[in-house]
Amino acid sequence: MTTTSPQGRTELLRPDRTPVRVLVVDDEVPLAELLSMALRYEGWEVRSAGDGADAVRTARDFRPDAVILDVMLPDMDGLAVLGRLRRELSDVPVLFLTARDSVEDRIAGLTAGGDDYVTKPFSLEEVVARLRGLIRRSGTAAVRSESQLVVGDLMLDEDSHEVSRGGTNIHLTATEFELLRFLMRNPRRVLSKAQILDRVWNYDFGGQANVVELYISYLRKKIDAGRSPMIHTRRGAGYLIKPGE
């Protein structure tokens, strides 16, 4: 089953409901940054490496769910990098990027264990689409359920009322749940106290708007404690939620 996000994208998550991880390996810094930006827009966690040795070290640490790998790297051939990656992560799907377009080069890449092949120049949309296909086929990620709201590594299931961050379950009261749901339905959008009161409590508290501050503090203790903050205050404007840095 596929689910379309408000931005029109289907969302993939790891089995522990955290964002998909992708490693981008390319020594062309502007290209690596463009690819990383496009993948982060999908809601995925991205790391990059500029050479083969760095790629292997990063993969060992990061444990990516997929790798975008340039064939031409400054220290070693991409096919050699692939061999070393396979020793660390035997099943990780790999999408090759290369300026080479001969049949022999394509066969060499796929024979060495690459899962797909994109020739430069390419569109970012094509790379993202192919990567999505590889990740889905590999079984390392699942399509988000229609009942789930996801912001960064925070997940809220509107049907089961389950909430987790980074795979750790979080218990919320009914009011805390409604407040978090309203924030997560409007990620990166500043919501005023009046809007929150109207949506969560269904009427205007008038002079008692500090109830919003109180429940925001409750949520922060449960959602942000010991982690990168996701719930933010915009003084004089309201509150918003966004992925942790």
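Conventions we followed
- Residues numbered from 1 in each chain as written.
- Predicted model: local features only at pLDDT ≥ 70, side-chain atom pairs only at ≥ 80, totals over all residues.
- Heavy atoms only, no water.
- Pairing = 2+ DSSP bridges.
- Helix = DSSP H or I, 4+ residues; strand = E, 2+ residues; numbered from the N terminus.
- Axes fitted to C-alpha atoms, helices over the stretch in contact; angles between N-to-C directions.
- Contact = heavy atoms within 4.5 Å.
- Buried < 20%, exposed > 50% of the residue type's maximum accessible area, 1.4 Å probe, protein only.
- Parallel < 35°, antiparallel > 145°, perpendicular 65-115°, else oblique.
- Left-handed = near helix turned anticlockwise from the far one by under 90°.
- Nonpolar A, V, L, I, M, F, W, Y, C, P; charged D, E, K, R; others polar.
- Core = buried A, V, L, I, M, F, W, Y, C linked by side-chain atoms within 4.5 Å.

Novice: What should I look at first to understand the sheet that holds strand E4 (residues 66-70) in this one?
Specialist: One key point about sheets: their strands pair by backbone hydrogen bonds, in either a parallel or an antiparallel sense. The strand order across the open sheet formed by five strands is E3-E2-E4-E5-E6, and the pairing between neighbours is parallel. Both edges of this open sheet fall to strand E3 (45-49) and strand E6 (116-119), since each of them pairs with a single strand only. Each strand axis lies, on average, 20 degrees off the axis of its neighbour in the sheet, ignoring direction. In terms of strand pairing, E4 meets strand E5 (residues 94-98) through four bridges, oriented parallel. Paired with Asp70 across the strands is Leu97, a residue of E5. On the sheet, helix H1 (residues 29-41) packs against strand E2 (21-25), E3, E4 and E5 and is oriented at approximately 170 degrees with respect to E2.

Novice: Got a minute to help me understand the sheet that holds strand E11 (residues 168-169) in this structure?
Specialist: A sheet is described by the order of its strands in space; here four strands give the open sequence E8-E9-E10-E11, paired in antiparallel fashion. Since the sheet does not close on itself, it has two edges, and those belong to strand E8 (148-151) and E11, each with one partner. Both E8 and strand E9 (residues 154-157) contribute to a ladder of four bridges, which runs antiparallel. Pairing of Val150 across the sheet is with Met155, part of E9.

Novice: Can you walk me through the environment of Val22 in this structure?
Specialist: Within the secondary structure, Val22 is located in strand E2. Val22 sits in the buried class, given a relative accessible area of 0%. When the C-alpha atoms of Val22 and Ile135 are compared, they prove to be 9.9 Å apart, with 113 residues separating the residues in sequence. Residues in contact with Val22, not counting those within four places in the same chain, are Leu39, Trp44, Glu45, Val46, Arg47, Phe62, Pro64, Ala66, Ile68 and Leu131.

Novice: How should I be thinking about the packing of helix H2 (residues 52-62) against helix H3 (residues 78-88) in this particular structure?
Specialist: For any two helices packed against each other, the geometry comes down to the angle between their axes and how far apart the axes lie. As a packed pair, H2 and H3 sit with axes 10 Å apart at the nearest point and diverge in direction by 15 degrees. As summarised for this structure, H2 and H3 are arranged roughly parallel, according to the angle between their axes. In this structure, H2 crosses over H3, and the sense of that crossing is right-handed. Mapping the contact onto sequence places Gly52, Ala55, Val56, Ala59 and Arg60 in H2 and Val81, Arg84, Leu85 and Glu88 in H3. Here the contact of H2 with H3 is composed, by residue class, of five nonpolar, one polar and three charged.

Novice: Quick question: what am I supposed to make of the nonpolar core here?
Specialist: Counting 28 residues, the largest nonpolar core has Val163, Leu180 and Ile196 as the members making the most contacts within it. Of all elements in the fold, only E8, E9, helix H6 (174-184), helix H7 (193-201), helix H8 (210-223) and strand E13 (238-241) reach the threshold of two or more residues within this core. Excluding residues within four positions of it along the chain, Leu180 makes contact with Leu154, Leu156, Val163, Leu172, Leu219, Ile223 and Ile241. Grouped together as the second largest cluster of nonpolar side chains are 22 residues, Val20, Ala32, Leu39 and Leu97 included.

Novice: Looking at this structure, I do not really get the pairing of E5. What am I missing?
Specialist: Two faces make up the sheet, and in a regular strand the side chains alternate between them. Here E5 lies mainly inside the structure; five of its five residues are buried. Alternating positions in E5 separate into two faces, Val94, Phe96 and Thr98 on one and Leu95 and Leu97 on the other, with burial throughout. Here E5 runs beside E6; their pairing, made up of four bridges, is parallel. Counterpart to Leu95 in the pairing with E6 is Asp116.

Note that all results are geometric; they support no functional claim without further evidence.
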